[in-house]
Amino acid sequence: MDKRNESSSTDFILLGLFPGIKHINLLVSVILLIYTVALTTNSILILLIWVDSHLHTPMYFLLSQLALMDLTLISSTVPKMASDFFSVKRTISQVACGTQIFFFLTVGIAECIIITLMAFDRYVAICKPLRYTLIMSQKVCLQMATVSWAGGALISLMHTAYAMHFPICGSREISHFLCEVMAILKLACEDISAYEKAVVMTSIVVLLIPLSFILSSYTLIFLSVLRMNSLEGRNKALATCSSHLTVVSLYFGPAMLVYMRPSSYHSPKLDQVLFMLGAILTPMMNPLIYSLRNKEVVGVLRNIMLDPHSQIVSLQELGTPGLMTIDGGDDGGGKCDDNVVGVLVLKLLEIVMAMKAYVFLDPHHVLTTDFQEDLFSNVGESDKRGMKIMENYNQTLTDFLLLGLFPPSRIGLFLFILIVFIFLMALFGNLSMIILIIVDTHLHTPMYFLLSQLSLMDLNYISTIVPKMVSDYLFGNKSISLIGCEVQSFFFLTLAVAEALLLTSMAYDRYVAICFPLHYPIRMSKKLCVLMITGSWTIGSINSCGHTAYAFHIPYCRSRTINHFFCDVPAMLTLACMDTWVYEYTVFVSTTLLIVFPFIGIACSYGQVLLAICRMQSTEGRKKAYSTCSTHLTVVTFYYAPFAYTYLRPRSLRTPTEDKALAVLYTILTPMLNPIIYSLRNKEVIGALRRLIQKISFVKM
């Protein structure tokens, strides 16, 4: 490693995960996936235990602490490892290294203690059920959590302080992906035999003795289980205990192999494998084991998804101290209070409850009980019932009503969460693409200039639809003013046509680049690129202005309820009280000119491109051309196909459900997929991302 990469002589250098391995990209991708799953599942498990009264028992209180420790454990290692990989900046300051060691050891030791206490909880619940409520009292529950965290922090503080005081007089390269005590000790230029003995003694105290206690307690548990007369009780006890023993094996095994072997038997690769098992894989496996093998957790999750009012505590209860009452195990009884920390989370839960119950929050409009029952009784007829609901809704005569995309059921809630996630992904992906193209000089080419405009259009495109749709669902206010509807329709049509024309320009760019490479700088000049962009936006605006002005001068004397999630012109025409066949014909002509003809042009240009590629002598050049063109063709297919199918069909063949599904494809899904397709399948974009991360890391240094 070049010394220029170091910020000072006291910095360490982390060699990272398996230096020299061939498929490191795949391994890092898997680890990031594991990290995402671990964050999600542990957070869900903590949230379930907090909000459901059936899980307010000592066992699940300890399980919530385990999930919190797993979150902290994996977050102390993976983010730094991923940052080092992408930025190629392997240095870590001495203070940061000591901090990472402290948090890693604190959480690691605390997890050993909490797993041991969980074994004690199961022992008391099964072997001494009548005394369970007395033994596992409120005081004991809080003491267990406190002892786990405090004990881990105290032992970690001593080891961190002692390990970091050793002088490093040789290389400061740590053969690991994190600052780990045993790896740092190899760099010390003093005799560390005494400290190694202290590490072994600590391992015996926090690993071997607790493991012996766990095995002894489970031996007594199995003897008690075998004496049970109830087959159901026996199965439940075995299921709970087998889940806990699986977690014990996954965690204690690798930790003992790392810290109880003499230093002469250590090898960097084996240590990294063991740390991946204990510090990365186990935090992901724990919540999966406890949820998939635990009927109570699965039942609670199912109840929350199915029942709008299932077991969730009201906001008044959530705001009071001592909400989380921990009942005394399987037999009821004792209580153990735990103050709620996340007020923001509780507010969010209240909103989710409101969404699931589909309660409209307009103070001038209250749904009666009968009306709510009618709403939820038959989801299959939600469109017809939705029209009745919306017609009774408090509104002005000029307002339209959007029925929306989400039915008032658990499916609607799932779709809502999914589309919000897609919207955030689209914002992040397209913004990242625009920033990369602006700041990286390697991407200052006509192709990427056009791509930056595509990302800008996708940003505006999805932002004209999703925020209004989300607002309608959250607050129940489905109305949209006449002017608001006009504005949304204008921007939607402008961006839709502009994007179709831009994709045609991008196809022409690829055609010139591959079929006429020597003429490319002349044909794709800066002036032509600007004209392409200006033409796309201008034609889109003119076409949109004409259609919007005509569509909104039509009299609407029927219901003003639009069976769509945005102001789409074809959906509005069904409400008109005049014959609209002339306008429908103009829509058909516009779609043919601005969608079908450009698509034919794209298909013809790519026919020429494929012929040119087949004649290429260079295998590498052929692969690069195929990659670039297949990326663009994927984007074209996702966009043109549903758009053309929607607007080229006669009104008699359309159904609202089918129109909504197709609109989701080209208004919501495509703006998210475009940056992903162009980044994952494009080495130049990935290279630019790495260079940007390196620049940011260098500035921080």
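Residues numbered from 1 in each chain as written. Predicted model: local features only at pLDDT ≥ 70, side-chain atom pairs only at ≥ 80, totals over all residues. Heavy atoms only, no water.

A.B. asks: Is there a simple way to explain the sheet that holds strand β2 (residues 91-92) in this structure?
C.D. replies: Sheets are built from strands paired through backbone hydrogen bonds, the pairs being either parallel or antiparallel. With mixed pairing, three strands are arranged side by side in an open sheet as β2-β1-β3. Looking at strand neighbours, the two that pair on one side only are β2 and β3 (173-174), the edges of this open sheet. Pairing geometry for strand β1 (residues 12-14) and β2, over two bridges, is antiparallel. Across the sheet, residue Ile13 finds its bridge partner in β2, namely Thr91. (Pairing = 2+ DSSP bridges. Helix = DSSP H or I, 4+ residues; strand = E, 2+ residues; numbered from the N terminus.)

A.B. asks: So what exactly am I meant to see when it comes to the state of the cysteines here?
C.D. replies: Should the sulfur atoms of two cysteines be covalently bonded, the bond is a disulfide. Enumeration according to the criterion identifies two disulfides in this entry. One disulfide bridge connects Cys97 with Cys179, the sulfur atoms lying 2.0 Å from each other. Between Cys97 and Cys179 the disulfide shows an S-S torsion of about -120 degrees. By sign, it is left-handed. Separated by 82 residues along the polypeptide, Cys97 in helix α4 (residues 94-127) and Cys179 in the loop between β3 and α7 (181-185) bring together distant segments of the chain. You'll find Cys97 and Cys179 in the same group, each marked buried. A disulfide bridge connects Cys485 with Cys567, and the sulfur atoms are separated by 1.9 Å. Taking the sign of the S-S torsion, -120 degrees for the link of Cys485 and Cys567, the bridge is left-handed. In this pair, Cys485 is assigned in helix α19 (residues 482-515) and Cys567 in the loop between β8 (561-562) and α22 (569-573), connecting sequence segments 82 residues apart. Owing to a relative accessible area of 0%, Cys567 belongs among the buried residues under this scheme. (Disulfide = S-S within 2.5 Å. Buried < 20%, exposed > 50% of the residue type's maximum accessible area, 1.4 Å probe, protein only.)

A.B. asks: What is the right way to look at the side chain of Thr464 in this model?
C.D. replies: Structurally, Thr464 is set in the loop between α17 (446-463) and α18 (466-475). Engagement of the side chain of Thr464 in a polar contact is seen with the backbone oxygen of Tyr461, the distance being 2.7 Å. (Polar contact = N/O pair within 3.5 Å; in protein donor to acceptor, adjacent residues only side chain to side chain.)

A.B. asks: What is the right way to read the sheet that holds β8 from this model?
C.D. replies: Sheet architecture is open: three strands sit in the order β7-β6-β8, paired in mixed fashion. This sheet does not close on itself; its edge strands, each paired only once, are β7 (479-480) and β8. Where strand β6 (residues 400-402) lies against β7, two bridges are found, and the strand directions are antiparallel. Its bridge partner being in β7, Phe400 is matched across the sheet by Ile480.

A.B. asks: What should I look at first to understand the nonpolar core in this one?
C.D. replies: In summary, soluble globular proteins display a tendency toward joint burial of nonpolar side chains. Residues Leu17, Cys97, Ile115, Ile174, Phe252 and Ile280 are the most contacted members of the largest nonpolar core, which totals 98 residues. Counting residues per element, this core draws most heavily on α4, which supplies 17 residues. Those residues in contact with Cys97, other than ones at most four positions away along the chain, are Phe12, Ile92, Met164, Ile174, Cys179 and Ile184. (Core = buried A, V, L, I, M, F, W, Y, C linked by side-chain atoms within 4.5 Å. Contact = heavy atoms within 4.5 Å.)

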